[in-house]
Amino acid sequence: MNPRRLPSLSALRAFEAAARHESAKQAAEELSVTATAISHQIRGLEASLGVALFVRKPRQLVLTAQGRALQEVLGAAFDAIGSAVEQLKTAPVRHAVTLSTTPAIAVRWLLSWICLLRDAHPQIDLRIHASHEPVALDGVTADLAVRYGDGHWPGLVAEKLFDNIFIPTCSPHLGLTQVADLPQHPLLHFRPQQVSTFPMDWAGWQKQAQVPGLDVSAGLVFSDETHAISAAIGGQGVALMSRPLIADELAEGRLVQPFGPELAGKPFYLVYPQSRQDDPVILAIRDWVLSVPGGLCLEAKQLLPG
């Protein structure tokens, strides 16, 4: 792109003010310079353009036709610049923040309550990164995360959100009440793709339950937790699910826990860099996550402030 060939912007500004006031003196007062400086800028502009912009009369400057044409263009241009500058001064500064979490936590807990964050902090644009794999909290991939684990991540602040208790669950329409009858029903498995470890599975549950004849390698396999929950609600089999994630279905009777044992998985934590623990934007997201209404589990409610 070729560079614009414009006269001196100072000269254009001096001319526009003088044309508007029809006076070099008043233009000088507006621009906080001397009238001589205004006259000098205008004469230089006329010389560079090769046209007369004013007819000079005692105590008055009268625009020529060329001067009138230039003044109209400059007036509109300076008005537009002034308007844009004012908008920049008054426009709220927006902050984009990425929160990484598992798909189930995003869908079954956080998404329903984004309105609380939007109402409290309308200048924050929240981005949800849904993944089972931990990602870098480097301010590029993500800024904060909800993770399950032991609560110890070097360089990160970890605040416990809730415990992760796994239970066998199914639709009440299956009529399953005795653990001995479990081998007669399909098992529903949750196995996220491209993840080396995940909270709990039927093999881990069977080690404790020791149900005779139970083949923990058989059944339907889902890479998305929410799909496994939907299949259980639909009576497609028995799922081993995190109780916090199905609290609503259990309360409403759409899912039941027919028997034990219950297994404790690793708790969920909100984590963010220690270097940003005083960042107002990070703290706003932290406060929102900690204030999200219950519905996951009693442990979560007990941990919420207030």
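Above: the structure in question.
On a predicted model such as this, the values are computed, not experimentally measured, just so you know. (Residues numbered from 1 in each chain as written. Predicted model: local features only at pLDDT ≥ 70, side-chain atom pairs only at ≥ 80, totals over all residues. Heavy atoms only, no water.)

The subject of this paragraph is the packing of aromatic side chains. As enumerated under the stated definition, the model contains 7 aromatic pairs in all. Between the aromatic rings of W153 and Y269, the centroid separation amounts to 5.7 Å while the plane-to-plane angle is 75°, which identifies the pairing as edge-to-face. Of the two residues, W153 sits in the loop between β5 (144-148) and β6 (156-169) while Y269 sits in strand β10 (residues 263-273), which places them 116 residues apart along the sequence. Accessibility assignment for this pair places W153 and Y269 in one class, buried. Considering the side-chain rings of F162 and F268, the 5.1 Å spacing of their centres and the 35° angle between planes classify their relative orientation as tilted. One end of the pair, F162, is in strand β6; the other, F268, is in strand β10, with 106 residues separating them in the sequence. A connected cluster of aromatic rings, assembled from ring pairs, spans W109, Y148, F162 and F268. (Phe/Tyr/Trp six-rings, centres within 6.5 Å; stacked < 30°, edge-to-face > 60°. Helix = DSSP H or I, 4+ residues; strand = E, 2+ residues; numbered from the N terminus. Buried < 20%, exposed > 50% of the residue type's maximum accessible area, 1.4 Å probe, protein only.)

Turning our eyes to something else, we now look at the environment of S23. Following the sequence through the fold, S23 ends up in the loop between α1 (9-21) and α2 (24-31). With 33 residues separating them along the chain, S23 and R56 place their C-alpha atoms 9.8 Å apart. Apart from residues lying up to four places away in sequence, S23 is in contact with A18 and L61. (Contact = heavy atoms within 4.5 Å.)

Before going further, it helps to spend a moment on the sheet that holds β6. Taken in spatial order, the 8 strands make up an open sheet running β4-β3-β5-β10-β6-β9-β7-β8, and their pairing is mixed. Of all strands in the sheet, those with a lone pairing partner are β4 (124-130) and β8 (220-222), marking the two edges. Ignoring strand direction, the axes of neighbouring strands in this sheet form an average angle of 20°. By the bridge criterion, 3 bridges tie strand β7 (residues 187-190) to β8 in an arrangement that is parallel. From the neighbouring strand, H189 faces β8, where its bridge partner is V221. Helix α5 (residues 103-110) contacts β3 (95-101), β4, β5, β6 and β10 of the sheet and is inclined by roughly 115° relative to β3. Seen against the sheet, helix α7 (residues 202-209) touches β6, β7, β9 (238-242) and β10 and runs at an angle of roughly 95° to β9. (Pairing = 2+ DSSP bridges. Axes fitted to C-alpha atoms, helices over the stretch in contact; angles between N-to-C directions.)

Closest axis-to-axis distance for the α5/helix α8 (residues 225-233) pair is 8 Å, and the angle between their directions is 60°. For the pair formed by α5 and α8, the contact residues are A104, V107 and R108 on the first element and E225, T226 and I229 on the second. Taken together, the residues that form the contact of α5 with α8 break down as 3 nonpolar, 1 polar and 2 charged. (Nonpolar A, V, L, I, M, F, W, Y, C, P; charged D, E, K, R; others polar.)

The next subject is the packing of α2 against helix α3 (residues 35-49). Running from amino to carboxyl end, α2 crosses α3 at an angle of 105°, the nearest separation of the two axes being 8 Å. Comparing their axes, α3 and α2 come out roughly perpendicular. Along its contact with α2, which presents A24, K25, A27, A28 and L31, the element α3 presents A35, I38 and S39. Looking at the contact of α2 with α3 residue by residue, the class counts come to 6 nonpolar, 1 polar and 1 charged. (Parallel < 35°, antiparallel > 145°, perpendicular 65-115°, else oblique.)

Turning to α1, a few remarks are in order. Compared with the 18 Å implied by 1.5 Å per residue over 13 residues, the 18 Å span of α1 between its first and last C-alpha is a close match. Buried within α1 are the following residues: A11, L12, A14, F15, E16, A17, A18 and A19. Looking one or two places after α1, you find E22, whose phi comes out positive at around 55°. (Expected span 1.5 Å × (residues − 1).)

A separate point is the pairing of β9. Counting buried positions over the 5 residues of β9 gives 5, a clear majority of the element. Of the two faces of β9, the one holding V238, L240 and S242 and the one holding A239 and M241 are both buried throughout. Of the pairings in the sheet, the one linking β6 to β9 comprises 4 bridges and is antiparallel in character. Its bridge partner being in β9, I167 is matched across the sheet by M241. Sheet topology places β7 next to β9; 2 bridges connect them, and they run parallel. Note that in β9 the partner of L187 across the bridge is V238.

This part takes up unusual backbone geometry. Here the bond from G260 into P261 is cis, since omega is 0°, no more than 30 degrees from zero. Note that P261 resides in the loop between α9 (247-252) and β10. Positive phi outside glycine occurs at S32, with the angle close to 60°. The residue S32 is located in the loop between α2 and α3 in this model. In this structure S32 comes out as exposed when scored by relative accessible area, which is 67%. Phi angles above zero are rare outside glycine, and Q210 is one such case at about 55°. Relative to the assigned elements, Q210 resides in the loop between α7 and β8.

All we've got here are geometric facts, nothing functional implied.
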